[in-house]
Amino acid sequence: MTTTSLATGQRSLGDPDISYPLWPPLTRGCPRTSSDTMSYPLEIDYDYARVTSDFITGQGRPRSGLDRWAPLLPPLAAPGLGEGGTPLIAIGDGVYVKDESRNPTWSHKDRLNRCTVSAAVAIGAPGVVVASSGNHGASAAAYAARAGLRCVVLGSPELPPAVASFLSAYGAVVLPVETAHRWPLTERIAEEFGFHPVSNLTPFHTGHAFGPEGYKTVAYEIAADIVDPGAVFVPTGYGELLFGIAKGFTELHRLGLVSRVPRLFSCEPAVGGPLASALRQGLPATEVAVGDTEAYGIACPVNSYRGVRAITVSEGRALTVDDAAMHRAQAELAGQGLWVELSAAAGLAGLRTLPDDETIEGPVVCVTTSSGFKDTRVGDHHLAPVDPSWENVRARLRAEGIRS
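Not measured: the values here are computed from a predicted model.

Conventions used here
Residues numbered from 1 in each chain as written. Predicted model: local features only at pLDDT ≥ 70, side-chain atom pairs only at ≥ 80, totals over all residues. Heavy atoms only, no water. Pairing = 2+ DSSP bridges. Helix = DSSP H or I, 4+ residues; strand = E, 2+ residues; numbered from the N terminus. UniProt positions renumbered as here; feature names shortened; annotations may be inferred. Disulfide = S-S within 2.5 Å. Axes fitted to C-alpha atoms, helices over the stretch in contact; angles between N-to-C directions. Buried < 20%, exposed > 50% of the residue type's maximum accessible area, 1.4 Å probe, protein only. Contact = heavy atoms within 4.5 Å. Patch = residues over 30% accessible without salt bridge, like charges linked within 9 Å, V, L, I, M, F, W, Y side chains within 5 Å. Areas by Shrake-Rupley, 256 points an atom, 1.4 Å probe, with all protein chains shown as cover. Salt bridge = Lys/Arg side-chain N within 4 Å of Asp/Glu carboxyl O.

Spatially, four strands are ordered β8-β7-β6-β9 in an open sheet, and the strand pairing comes out parallel. Each edge of the open sheet carries a strand with a single partner, namely β8 (173-176) and β9 (196-197). In the sheet, strand β6 (residues 127-131) pairs with β9 via two bridges, with the strands oriented parallel. Considered in β9, the bridge of V128 is made with H196.

Spelled out as structure tokens, the structure:
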């Protein structure tokens, strides 16, 4: 039983015959297939022949954190925070919720940043830099702090209160700037100060090669709990989570540990939907105008080719959902005791808006990506003091339908 990484190198998604050494991590995608008009990401390749048949059960490996899945992850040089191991909760009619809000910084991004900050540690970078309006920045700041690295976050001037509090607590240097300035500044900070970029640097999103590998562990955990789901519905921005889940199931199928790769459904805001647009047009990537939406975490103007690959290999489909559908899904989840960010409810919203004649064989998993504390309106709901007399309290309760 191996407990160390079996990673062997970086492989181009633009041309799988093109590969690169594992080090250094290439943070601008594949240099041989990418151009000024298209950016092809990289993925990590492994020595799959050395993966043992008890990979899912994990005999002899740690039972918590991403360390449990170390053989099929890049080297985990940074210390963890107990990320992963999130619950799979049944909400009825064969539907399960994979609740990623239970991660250390209350979002799925912790799986990604354990891997990206590990890359920074391994190459000896003094810090990390990230362009993010929310969960990614908070998570990167936490893992950088844990690893003893500095962190610079180029965020939005409209950072949600909970996210701003996270960043301040972890000691990150937070620079709220307009979106157009974030990526050029990320590159300049990386060049001048030697900080390792853990977010995107290209016009069509490539992101960090190591990051989506962390998201594969969502698939591993689902397989450990229910083995063969029929479909997984995923809130989708740039598509890194979507790709990671697809790759995780593809690996398990390749190893003979699951019988199929479930269909993947991407769920984007209807006011944008670049992945859905790219798939409709048969293109690797597109750029769209993004309208107003409260689902700021997944409101992206461009897609990554990773999302196209995920939908294609899983024979899935790209869905778009409006804010009203996400609010209904958010309320449904709250009725089950799960409070999630509006963006995080997009997966269940996608499932609930499927046409009646589209059937799915087997259990369905909806991934919820982050906590309701991350929403922009948190803190706006103020409660007025109540007259404590029994007559008033009883009348209030009866008005809410509570009867003795």
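Turning our eyes to something else, we now look at the UniProt feature "domain: Tryptophan synthase beta chain-like PALP" (unreviewed entry) in the chain. UniProt's entry tags residues 82-368 with the feature "domain: Tryptophan synthase beta chain-like PALP" (unreviewed entry), counted in the numbering of this structure. For the annotated span residues 82-368, helix accounts for 41% and strand for 17% of the residues, and the straight-line distance between the end C-alpha atoms is 18 Å.

Let us now look at the state of the cysteines. Per the stated rule, a full pass over the model turns up zero disulfides. Between C366, a cysteine without a disulfide, and C267, which holds the nearest cysteine sulfur, the sulfur-to-sulfur distance is 7.5 Å.

Taken in spatial order, the six strands make up an open sheet running β4-β5-β13-β10-β11-β12, and their pairing is mixed. The open sheet terminates on both sides in strands that have one partner only, identified here as β4 (88-92) and β12 (317-321). Pairs of neighbouring strands in the sheet enclose a mean axial angle of 25 degrees, with direction left out of account. Both strand β10 (residues 231-235) and strand β11 (residues 263-269) contribute to a ladder of five bridges, which runs parallel. Across the sheet, the residue bridging to V232 is L264, located in β11.

So, about the pairing of strand β3 (residues 42-46). The buried count for β3 comes to five of five residues, which makes it a mostly enclosed element. Where strand β1 (residues 7-12) lies against β3, five bridges are found, and the strand directions are antiparallel. Residue pairing for β3: Q10 is matched across the bridge by I44.

Among the secondary structure elements, P21 is positioned in the loop between β2 (19-20) and β3. When near neighbours in sequence (up to four residues on either side) are disregarded, P21 contacts G9 and Q10.

Quick look at a nonpolar patch on the surface now. Judged by side-chain polarity, W106, W339 and F373 come together as a nonpolar surface patch covering roughly 310 Å² of accessible area. Note that W339 resides in the loop between α9 (323-335) and α10 (346-352). Take W339: its relative accessible area is 44%, and that puts it in the partly exposed class.

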